[in-house]
Amino acid sequence: MFDDTKLYPLPSGGYLTARDLDKPPILDIRYLGIDFGGLRALTDFNLIVGRSEITGLIGPNGAGKTTVFNLITNVYQPTRGSIILDGVDTKGMSTHQVSRLGVARTFQNIRLFKDISVIDNVKIGLHHETRYQMPEALLRLPGYFKREKVADQRALELLSIFDMESLAYKPAGSLSYGAQRRLEIVRALATNPSVLLLDEPAAGMNPSETGELMENILHIRNTFNIAIVLIEHDMSLVMGVCEGIAVLNYGKIIAKGTPEEIRQNPEVIEAYLGKGVRE
Amino acid sequence: MNTKRTAFYYLLAALLTVGFYFVLTGLIRAGVIGKYHADMLIPVGFYIMLAVSLNLTCGFLGQLPLGHAGFMAVGAYTSALATRYLPFEGALGFWIALLLGALMAAAFGVVVGLPALRLSGDYLAIITLGFGEIIKGILLNLNFTGGARGFKGIPKQTDLTTVYICLVLTLFFIRTLINSRFGRAIISIRENEIAAESCGIHTTFYKTMTFSIAAFFAGLAGGLYAHYIGVLYPTTFGFDTSIEILVMVVLGGMGSITGSVISAATLRLLPEMLRAFLDYRMVIYSLLLIVVMIFRPTGLMGRYEFRLSKIFAPKGDKSHV
């Protein structure tokens, strides 16, 4: 029997948890690299993410973590290497195509649709799920009303994950910082992803909010059964929810493994964690 | 959202639309609104259409095109050519001409939009400004449209009824477009393009589509203009007209259809109302613009929309239909 809490190293340089071992990985990133002019922002980045794994991506500022997200979502096109998403090479695709293939993300500096209501933010995420055609919308045919109603219900349902139904008709920009971060996650979930990329979800949250977020992340993984990759500086969150962690420094992976292994890795302690985190 | 209540609002809106028309024509027939003033209402109608369609790109998509009069010109000349050369008679021919003008303008919207919308902000403004001037330049040099001498002898078929029908259709379709998943996609591009793209919105497609729809209604207004004035000069569709429409949109509030309607109507009628001041009327007009912009920088209406459901909604119900 495999141990579910253990990561199993793969020949490709990735790791998987036991329950994902017998399924093809959702993300298979090989020798990914990108140069900005003469700067090698990322080199030889290998990562395998299992179908229901929570992966952490940590490292000092400027190490290239967000660059990895921008490459996975094809905001940047890689200079080297490939990204296989659920068996499909995403090379040359545009961001919205990758989104439809099942990648959703949040942003480090929150990017909400600020001047429109919370529920409309979520309904934009539901855009492709709300299936009616232009004539139905323009002539207000029954299909429009039916599908809009379904979208409303679905949006409220998604908002209820974070108990945000009561905020549904407020402008998104009027929410508190923490609520805006949560709304961004809800909007990402609305696109029906198979991989959710969270860029510093706990930034600006207080310890109790972070604790709540930790439970939410686990809850999302368990109910939606999706893979989550998160960038985070809050080590309590990373060590608390991640099954596998990759550590980046100067655009290179310096360590991969379970939270326990990462915590004890001398190179990681030297580059990022510092000596105090051993507990 | 209650089905019965929704049906009630739609019915009420339809009744008000028809009712307003009969009151207006009734007043004209009774002589309360004189022939001269009644004739002035027609340009008000197509200027509202121009302002509302430009608001689609300006206020909802968040881009700043400066060549809206160019699309109006395409619509005007196409429909004028259609009534001259197509074998349709009377009202049918007129409506076909209007539709052809609008469709041609929409096609130009795609042609201009595809390259232009790769850029944004000031760059897009300049490129669309260039487009407007190119259209004007081509029309000046085309022989079969009369060139600089003007396209003369277009049958004057535009009356208050046709303008009213076109206006109501324009307002209805733009409203229903905005309040749909397509409208949300358009607004998401204005709010945050990168986020929209990562939500799976094909931003290039929606930008071009919006541009083209705006051009369609501008072309329709152009067709009405051609058959109202009876003679077309390329210089009418220059930069000045584009700016005039833009001023209407900004003054009314970018992102408010209601605002565009109010400000287009006001700005068209204002110079007439100020006729008593003769030489000073353009000064007053300009001063008014400055005052509004200082005290209401988001325009008269901001992004507020008039909705029947807001008036009748029970207290505390915020989910306006």
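In every chain, residue numbers begin from 1 and rise along the written sequence. The order in which chains are written sets their letters, starting at A; the order in which ligands are written sets their numbers, starting at 1. The model is predicted, so local features are restricted to residues of pLDDT at least 70 and side-chain atom pairs to those at 80 or more, both for listing and for counting; the totals for chains, interfaces and linings are taken over all residues. In computing side-chain properties, one takes all heavy atoms of the structure into account and sets aside hydrogens as well as water.

A.B. asks: I'd like to hear about the overall build of chain A, residue by residue, with values.
C.D. replies: Only DSSP runs of H or I with at least four residues qualify as helices, and only runs of E with at least two residues qualify as strands; both kinds are numbered from the N terminus onward. Each helix and strand in chain A was counted, giving ten helices and twelve strands. Here the C-alpha atoms of chain A give a radius of gyration of 19 Å, agreeing with the 19 Å that 2.2 N^0.38 yields for 279 residues. Relative to its full complement of 279 residues, chain A shows a buried share of 56%. Put simply, of all contacts in chain A between residues at least 6 apart along the chain, 64% involve residues at least 24 apart. Accessible areas in this description were obtained via Shrake-Rupley with a 1.4 Å probe; residue shielding takes into account the shown protein chains only. Of the roughly 12000 Å² of accessible surface on chain A, 51% is carried by carbon and sulfur atoms. The size measure is the radius of gyration over C-alpha atoms, and the globule rule it meets is 2.2 Å times the number of residues to the 0.38 power. A simple rule labels every residue: compare its accessible area, found with a 1.4 Å probe on the protein chains alone, to the largest value its type can have, and call it buried under 20%, exposed over 50%, or partly exposed in between. By definition in these notes, contact holds between two residues if any of their heavy atoms fall within 4.5 Å.

A.B. asks: A description of the side chain of H96 of chain A should follow, citing residues and the corresponding values.
C.D. replies: Looking at the secondary structure, you find H96 of chain A in helix α2 (residues 95-101). On the basis of relative accessibility, which here comes to 8%, the residue H96 of chain A falls in the buried class. Polar contacts involving the side chain of H96 of chain A include one to the side chain of H202 of chain B, which spans 3.4 Å. Setting aside anything within four residues of it in sequence, one finds H96 of chain A in contact with E197, G200, I201 and H202 of chain B. Within 3.5 Å is the distance limit for a polar contact, defined as a pair of N or O atoms, with the added protein rule that one can donate a hydrogen and the other accept it, and that residues adjacent in sequence qualify only through two side-chain atoms.

A.B. asks: Account for helix α10 (residues 266-273) of chain A, with residues named and values stated.
C.D. replies: Residue and element names in this part refer to chain A. All buried positions along α10 are accounted for by V268, I269, Y272 and L273. Within α10, the buried residues cover an arc of 105 degrees as seen down the axis, which keeps them to one side. With respect to the buried face of α10, the exposed residues turned more than 90 degrees away are P266 and E270. Close packing links the buried residues of α10 with β5 (54-58), α8 (235-241), β11 (244-249), β12 (252-257) and α9 (259-264). The opening residue of α10 is N265, an N-cap whose side-chain oxygen sits 2.8 Å from the backbone nitrogen of E267. Positioned one or two residues after α10, G274 has a phi angle of 80 degrees, which is positive. To be clear, the arc concerns the directions from the helix axis to the C-beta atoms.

A.B. asks: Outline the sheet that holds strand β10 (residues 227-231) of chain A, listing residues and values.
C.D. replies: Residue and element names in this part refer to chain A. Taken in spatial order, the six strands of this open sheet run β8-β9-β10-β5-β11-β12, and their pairing is mixed. At either end of the open sheet lies a strand with only one pairing partner, and these are β8 (103-105) and β12. Strand-to-strand twist across the sheet, computed as the mean angle between neighbouring axes with direction ignored, equals 20 degrees. Relative to β12, β11 runs antiparallel, the two being bridged by five bridges. If DSSP finds at least two bridges between two strands, the strands pair. The angle between two axes is taken between their N-to-C directions and runs from 0 to 180 degrees, where each axis is a line fitted to C-alpha atoms and a helix contributes only its stretch in contact.

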